[in-house]
Amino acid sequence: MPMRAKVASSVSRTAAALSRAAGRGDGSVIGGWIGLKIDPDLLAHLSAGRAIALVSGTNGKTTTTRLAAAAVGVLGRVATNSFGANMPTGHTSALAKAGSTPYAVLEVDEHYLAQVLEATEPHVVALLNLSRDQLDRAKEVAMMAQLWRAALVRHPDVRVVANADDPMVVWAATPPADPAQGHIPPHVTWFSAGQRWHDDSWVCPECGSTIERSEDQWWCTGCPLRRPEPQWTVEDDGVLDPTGAWHKVQLQLPGKINIGNSATALAVAAEFGVRPVDAVSRLGTVTSVAGRYAQVDRDGRNVRLLLAKNPASWLEAFDMADEAPTLLSINARDPDGLDTSWLFDVDFAPLRGRQVLITGDRAYDLAVRLDVNGVPFQHVRSFDEAVRSVPPGRLEVIANYTAFQDIRAELDRVN
């Protein structure tokens, strides 16, 4: 690297280490922020010479990135932003901290995908899903799909691993060829992990017609856009690869959604030449992801943490949670989005019949929503009060982003 980049990288590592030592966080943002101030091209310099995979989408990025890093690890050391700092500052900090590694798997915020594509020149990009998320400060779903599509047009050589079940992702991943401009469609490998949330993809992004669904198929009623045939699919508790071989997936993570995330991870690793039979056992080494799914014993209660930040992820969280007392915590700070009206897009009916507690800055907004849904609840003012209010045994905690981080901090920043 140029001398300026070497200095910036060294300062980045030092700043991150000081942040951790001072208890101010894991250093995954501040190190990159300072490094980029010294050398604005530091991310590009740190990426040079590495085979890189980017993982982006509205939900599941952090978990899929951790699983993919474990799978690619069959080949050698892998740099990754394992704590979920998914903007260029986080990528810069992660690569600087890792030093020289042949591979990197980076989670990328969907808004920054085009920028990070430009800086890192990845070997493969995984596109998971697109759904509404923080609409008071983020782009509408179809606009995001358009940005992804335009980014892929500018990088026709990148290999794409994309979700065949999400019409928005399929449209974004298949930009049309433009011989006059020299644009060719990217090479796409399709995976099927299922899509339970459909409410952001009833209208075709190509022509505006209705999208119809039948079982696992979908198609546009007005143009040729339809579900492609996936090469990687989830079947029971395992994954079918492109050869038709089935691989049993044994995870320490809950929920069927994480079998789907495993299929994506195996597909990403295969783009680097990793055989699924060699990678699948490594997926079981992932226990929790930046606190997600972590289990902590507190005063005779086994507390499990689940992050849910938008309607699609709340639907999956209910599927993962056991039939046990459940604490819901909602904030509306800047990282969460200030608008809580999305709560009315979530069906809380699966919580009926269990003890439900609510807390957080916007607990009263949640209270109104639960009352409309006919779900009895108890308001508690703190996490400690919630623990004292439930009998010994399992306590499920489902929280949006800053509420999750508040509870994680009370549990000593469990990872």
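Note that the coordinates shown come from a computational prediction; the quantities given were computed from them, not determined experimentally.

Moving on to the packing of aromatic side chains. If you walk through the whole model with that rule in mind, you get five aromatic pairs. Ring geometry for W314 and F318: centres 5.8 Å apart, planes at 65 degrees, overall edge-to-face. Here W314 pairs with F318, and both are found in helix α11 (residues 311–320), just four residues apart, close to one helical turn. For the pair W314 and F318, a shared accessibility class is recorded, and that class is buried. An aromatic cluster of at least three residues, connected via ring pairs, comprises W314, F318, W342 and F348. Residue placement shows R213 over the ring face of W202; its charged tip is 4.8 Å from the ring centre.

Turning our attention to α11. Counting buried positions along α11 yields eight of 10 residues, so the element is predominantly enclosed. Here α11 has its buried residues at P311, A312, S313, W314, E316, A317, F318 and M320. If you follow the buried residues of α11, they end up packed against α9 (257–270), β13 (301–307), β14 (326–329) and β17 (393–399).

Moving on to the pairing of strand β5 (residues 159–163). Of all the five residues making up β5, four are buried; the element is thus mostly covered by neighbouring parts of the structure. With four bridges joining them, strand β4 (residues 124–127) and β5 adopt parallel strand pairing. Within the sheet, the bridge partner assigned to V125 lies in β5 and is V160.

It is worth spelling out the domain arrangement of the protein at this point. You'll often see interface size given as the accessible area lost when the parts meet. By the assigned domains, the protein splits into domain 1 (49–81 + 99–283) and domain 2 (295–410). Here the C-alpha centroids of domain 1 and domain 2 sit 29 Å apart. Contacts between the two partners involve 16 residues from domain 1 and, on the opposite side, 17 residues from domain 2. Among the residues domain 1 hides against domain 2, the three largest losses belong to D136, R196 and W197. Together they make up 36% of the total.

Here we come to the nonpolar core. In this structure, W314, L328, F348 and I398 are the most contacted members of the largest nonpolar core, which totals 56 residues. For this core, the secondary structure elements donating two or more residues are β1 (51–56), α4 (61–72), β3 (103–108), β4, α9, α11, β15 (356–359) and α12 (363–372). For this core, the leading source of residues is α9, giving seven residues. Looking at which domains feed residues into this core, each of domain 1 (49–81 + 99–283) and domain 2 (295–410) gives three or more. Sequence-distant contacts of I398, that is, excluding residues within four places in its chain, are made with L306, A308, W314, A317, F318, A321, T326, L327, L328 and S329. Grouped together as the second largest cluster of nonpolar side chains are 44 residues, V170, A173, W190 and I211 included.

Turning our eyes to something else, we now look at the pattern of salt bridges. Counted according to the given criterion, the structure contains 18 salt bridges. Its salt-bridge partner being D278, residue R275 comes within 2.9 Å of it at the nearest N-O pair. Across the pair R304 and D322 runs a salt bridge whose closest N-O atoms are separated by 3.6 Å. On the criterion of sequence distance, the pair formed by R304 in strand β13 and D322 in the loop between α11 and β14 is long-range, its members being 18 residues apart.

Further remarks concern the UniProt feature "binding site: Zn(2+)" (unreviewed entry) in the protein. Following the UniProt record, the feature "binding site: Zn(2+)" (unreviewed entry) maps to C204, C207, C220 and C223 here. What stands out for the annotated residues spanning 20 residues is how close their C-alpha atoms remain, the widest pair being 8.6 Å apart. Note that C207 resides in the loop between β6 (187–192) and β7 (211–214). Here C207 falls in the partly exposed class, since its relative accessible area comes to 37%.

With that settled, the discussion passes to the sheet that holds β13. In spatial order, the strands read β12-β13-β17-β14-β15-β16; together these six strands make up an open sheet with mixed pairing. Where the open sheet ends on each side, the last strands, each with one partner, are β12 (295–298) and β16 (378–379). Where β15 lies against β16, two bridges are found, and the strand directions are parallel. Following the sheet pairing, I358 is matched in β16 by H379. The strands touched by α12 are β14, β15 and β16; relative to β15, the strand with the most contacts, the crossing angle is about 145 degrees.

Each value, and the rule that gives it
- Residues numbered from 1 in each chain as written.
- Predicted model: local features only at pLDDT ≥ 70, side-chain atom pairs only at ≥ 80, totals over all residues.
- Heavy atoms only, no water.
- Phe/Tyr/Trp six-rings, centres within 6.5 Å; stacked < 30°, edge-to-face > 60°.
- Helix = DSSP H or I, 4+ residues; strand = E, 2+ residues; numbered from the N terminus.
- Buried < 20%, exposed > 50% of the residue type's maximum accessible area, 1.4 Å probe, protein only.
- Lys NZ or Arg CZ within 6 Å of the ring centre and 35° of its normal.
- Contact = heavy atoms within 4.5 Å.
- Pairing = 2+ DSSP bridges.
- Domains from an automatic or database assignment.
- Buried area = accessible area lost by both parts, 1.4 Å probe.
- Core = buried A, V, L, I, M, F, W, Y, C linked by side-chain atoms within 4.5 Å.
- Salt bridge = Lys/Arg side-chain N within 4 Å of Asp/Glu carboxyl O.
- UniProt positions renumbered as here; feature names shortened; annotations may be inferred.
- Axes fitted to C-alpha atoms, helices over the stretch in contact; angles between N-to-C directions.

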